[in-house]
Amino acid sequence: MKYVSVRIGKLPVDNLPKLDYYNENFFFVPFETGKSFCWGMYFVPERDKQRVDDIFHSMYFERIRIPSYVSGDADEALEKLKQTIDADTVENAKINEQINELAAKAEPELQKAFSKLRFIHDTFDLRRNAAALNDKFYLKGFIPEKEKDRFDKLFEDMRSVSVVYLPPDADASCEPPTVLKNNFLTRPFTMLVEMYGLPEYKGYNPTAFVAITYTLLFGIMFGDLGQGLLIVLGGLALKKKLGAKISGLVTRLGISSMIFGTLYGSFFGYEELLDPVFENIGLDFLPLKVFKQTNFILITAVAIGVALIVISMILNIYIGFKNKDYEKAIFGCNGIAGLVFYSSVAAGLVGTLMFDVKVMSTPFVIFLIVIPLVCIFCRTPFSIAVKYKQWRLSEDEEKMTVGNFIVENFFEMFEFLLSYVSNTMSFLRVGGFVLSHAGMMLVVMTLMEMCSAAAQPFVLVLGNLFVMVMEGMIVAIQIIRLEFYEIFSRFYEGGGKPFEPVGVKFTAQTE
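Owing to the predicted nature of the structure, the values given are computational and were not obtained by experimental measurement.

## Concerning the overall build of the chain
Thinking step 1. When you go through the chain residue by residue, the secondary structure sums to 19 helices and 6 strands.
Thinking step 2. Against the 2.2 N^0.38 benchmark of 24 Å for 511 residues, the chain shows a C-alpha radius of gyration of 36 Å, more extended than a compact globule.
Thinking step 3. Here the C-alpha coordinates of the chain stretch approximately 105 × 90 × 65 Å along the principal axes.
Thinking step 4. Across the 511 residues that make up the chain, the buried fraction comes to 34%.
Thinking step 5. Restricting to contacts in the chain with at least 6 residues of sequence separation, those with at least 24 account for 68%.
Thinking step 6. Here the chain displays about 32900 Å² of accessible surface, and carbon together with sulfur accounts for 64% of that area.
Thinking step 7. Across the chain, the centroid of the 50 positively charged side chains sits 5 Å from that of the 57 negatively charged ones.

The structure is reproduced here in structure tokens:
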């Protein structure tokens, strides 16, 4: 071996035939050939190893180096390595036990040292948010208004520190962060708003609207008194593991499911169980029988969608006037013009198709459909005329010709009209999931009746659990889609910056 070098490793199978094309002083010995690689070794004279190594490297040969502590044949080496590993494992366990004992004894001192180091580290990290000028040190940031008195107490004993409070919009270069203020009932739904994006500072907080609509839609789509009760109990039981927000969200959704489950007369799939109760209290029109009142459920789902879209437009109008954005508030597809057009078309279709009332008269069409469409089509020049008292096709009139204006707004108008239809029809899924839930429970009840008396309780329990987990998750996701695409897209823009305190980590240490 003084004059020969050996390389052990693997070579791609595709490159194995290429070795025959090289007229060099080496030979390759294959061990085992698989689908992708050929394991083997090659021998080369010591004087030629550099050139041959380059050849194998170009063919993606992966060399495996045998450690110096491995000796003997393969079986002997493997047995020695196993013995070494076992011995090291035992020794490692002893060392870990000693470390744990030492950590338990020194825990107070370690905690103090860690707290001190963390405090110093975070204090030093504040330097990137500060500035120094002459002999003064400046630190500027935002604090919640309710924390003002508590913040002052931190510097009571520091006479050299001067704290000055300014309005949040005093510096145009700094964007004020957003802190959502919500009450006990709506606070768990904050996470849904944060998923879409926080509102800008002094923007509209949609959490209450989301809380009402999400809870309402979940109850409608997943109405069952018994399953809703289990969801409530599960949310309360898993509060420590899920956290207060998720637990509160699940609990509220379960209560909504219980309420609508009572209206449907559904209790773990039993659709006739609550009938005597409603008969005794004189509510003969309840419970709602899903499969007997399918048309009513689907029409109601679309009506809910129309109502939510109209409310979203009203919110958009309010936000537009608040921000003095007249194109958004008056002439936009979700402004007053869009609201009048959408409401008029909806009222016309309902009156004509359901009540056989001739609503679509000529004045009705001209004033409530055609004129709003013209306002939407010419929303930009109209809003410029209101704001600047002059007529321009766009803010940059030099780049906008009449032809470009017509083509651009024609396709945007087509998109607006299509969104009205698609967003409204999308709410059919609300009624669809009402039928889906009832259908799945009907399958569970049918399977239970096909089984023996001993097996029926197991089928009932497993069937209800399966429906709760699978359909509950699907319904929750579908409602998020409705909230984000059909509702939020009409009035909400999440561009706010979250409030992330830099001093929270060491405020206790400072105090």
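Don't stop here, the text continues.
## Structural notes on the pattern of salt bridges
Thinking step 1. One pass over the full model with this rule turns up 11 salt bridges.
Thinking step 2. A salt bridge links arginine 51 to glutamate 24, with the shortest nitrogen-to-oxygen separation between them at 3.1 Å. In this pair, arginine 51 is assigned in helix H1 (residues 49-58) and glutamate 24 in the loop between strand S1 (4-12) and strand S2 (27-33), connecting sequence segments 27 residues apart.
Thinking step 3. In this structure arginine 51 comes out as partly exposed when scored by relative accessible area, which is 43%.
Thinking step 4. We classify glutamate 24 as partly exposed; its relative accessible area is 27%.
Thinking step 5. The shortest N-O distance in the salt bridge between aspartate 122 and arginine 118 comes to 3.4 Å. Of the two residues, aspartate 122 and arginine 118 are both situated in helix H3 (residues 107-125); the distance of 4 residues between them amounts to about one turn of the helix.
Thinking step 6. Relative accessible area serves as the criterion here: at 35%, arginine 118 is assigned to the partly exposed category.

## Quick notes on the nonpolar core
Thinking step 1. In terms of nonpolar packing, the biggest core is built from 66 residues, with Tyr214, Leu217, Val430 and Phe491 touching the most fellow members.
Thinking step 2. Ranked by size, the runner-up nonpolar core spans 12 residues in total, among them Phe26, Tyr42, Phe56 and Met59.

## Regarding a nonpolar patch on the surface
Thinking step 1. There is a patch of nonpolar side chains on the surface, built from Ile299, Leu349, Val350, Leu353, Met354, Phe355, Val357 and Met360 and spanning about 790 Å² of accessible area.
Thinking step 2. When residues in the nonpolar patch are grouped by element, the largest group, 3 residues, is from helix H13 (residues 336-353).
Thinking step 3. Looking at the element boundaries, phenylalanine 355 is found in the loop between H13 and helix H14 (362-377).
Thinking step 4. Taking relative accessible area as the criterion, phenylalanine 355 reaches 57% and is therefore assigned exposed.

## A short note on the packing of aromatic side chains
Thinking step 1. Scanning all chains against the criterion turns up 24 aromatic pairs.
Thinking step 2. When the ring of tyrosine 196 is compared with that of phenylalanine 484, the centres are 5.0 Å apart and the planes differ by 55 degrees; the resulting orientation is tilted. Of this pair, tyrosine 196 sits in helix H5 (residues 190-196) while phenylalanine 484 is found in helix H18 (residues 456-491), placing the two residues 288 residues apart along the sequence.
Thinking step 3. Using a relative accessible area of 30% as the deciding quantity, one classes tyrosine 196 as partly exposed.
Thinking step 4. Relative accessible area serves as the criterion here: at 15%, phenylalanine 484 is assigned to the buried category.

## So, the sheet that holds strand S4 (residues 62-63)
Thinking step 1. Taken together, 4 strands build an open sheet; the order of strands is S2-S3-S1-S4 and the sheet is antiparallel. Pairing within the sheet leaves two strands with one partner each, and these edge strands are S2 and S4.
Thinking step 2. Taken together, the 6 bridges between S2 and strand S3 (residues 37-45) define a ladder with antiparallel strand orientation. Residue pairing in the sheet places phenylalanine 27 in a bridge with phenylalanine 43 of S3.
Thinking step 3. Of the strands in this sheet, S1, S2 and S3 are in contact with H1, which crosses S3 at around 165 degrees.

## Thoughts on the pairing of S1
Thinking step 1. Of the strand pairs in this sheet, S1 and S3 are connected by 9 bridges, and their pairing is antiparallel. The residue of S3 that forms the bridge with leucine 11 is cysteine 38.
Thinking step 2. In this structure, S1 lies alongside S4, joined through 2 bridges in antiparallel fashion. Looking at the pairing, lysine 10 lines up with glutamate 62 of S4.

## Thoughts on the confidence of the model for the chain
Thinking step 1. Per-residue pLDDT for the chain averages 87, and the proportion of residues at 70 or more is 97%.
Thinking step 2. Within the model, the stretch residues 504-511 combines pLDDT values under 50 with 12 contacts to residues more than four positions away or in other chains.

## Topic: the side chain of glutamine 227
Thinking step 1. Checked against the element boundaries, glutamine 227 lands in helix H7 (residues 225-237).
Thinking step 2. Classification of glutamine 227 as buried rests on a relative accessible area of 0%.
Thinking step 3. Excluding anything up to four places from it in sequence, glutamine 227 contacts Phe222, Phe268, His437, Met441, Asn464, Val467 and Met468.

Each value, and the rule that gives it
Along each chain, residue indices are assigned from 1 in the same order as the chain's sequence is written. It should be noted that, the model being predicted, local features are given only for residues of pLDDT at least 70 and side-chain atom pairs only at 80 or more, the latter also being counted only at that level, while totals for whole chains, interfaces and linings use all residues. For side-chain calculations, the full set of non-hydrogen atoms in the structure is used, while hydrogens and water are omitted. Secondary structure elements follow DSSP: runs of H or I no shorter than four residues count as helices, runs of E no shorter than two count as strands, and numbering proceeds from the N terminus. Radius of gyration means the value over C-alpha atoms here, while the globule rule gives 2.2 Å times the residue count to the 0.38 power. For every residue, the accessible area obtained with a 1.4 Å probe (protein chains only) is divided by the maximum for its type, and the residue is called buried under 20%, exposed over 50%, and partly exposed between those limits. Should any heavy atoms of two residues lie within 4.5 Å, those residues are considered in contact. Here, Shrake-Rupley sampling with a 1.4 Å probe gives the accessible areas, and only protein chains in the shown set may cover a residue. The positive count covers Lys and Arg only, the negative count covers Asp and Glu only, and His and the chain ends enter neither. Taken as the charge location is NZ of Lys, CZ of Arg, CG of Asp or CD of Glu. For this analysis, a salt bridge means a side-chain nitrogen from Lys or Arg found within 4 Å of a carboxyl oxygen belonging to Asp or Glu. Think of a nonpolar core as a cluster: buried Ala, Val, Leu, Ile, Met, Phe, Trp, Tyr and Cys residues, connected wherever their side-chain atoms sit within 4.5 Å. Like-charged residues are merged into a patch within 9 Å and nonpolar side chains (Val, Leu, Ile, Met, Phe, Trp, Tyr) within 5 Å, provided each residue has over 30% relative accessible area and no salt bridge. In this scheme Phe, Tyr and Trp rings, the latter by its six-membered ring, pair at centre separations within 6.5 Å, and the angle between planes marks the pair as stacked below 30 degrees, edge-to-face above 60, and tilted otherwise. What makes two strands pair is DSSP finding at least two bridges between them. Note on geometry: axes are C-alpha line fits, over the in-contact stretch for helices, and angles between N-to-C directions span 0 to 180 degrees. Confidence scores per residue from the predictor, reported as pLDDT, run from 0 to 100.

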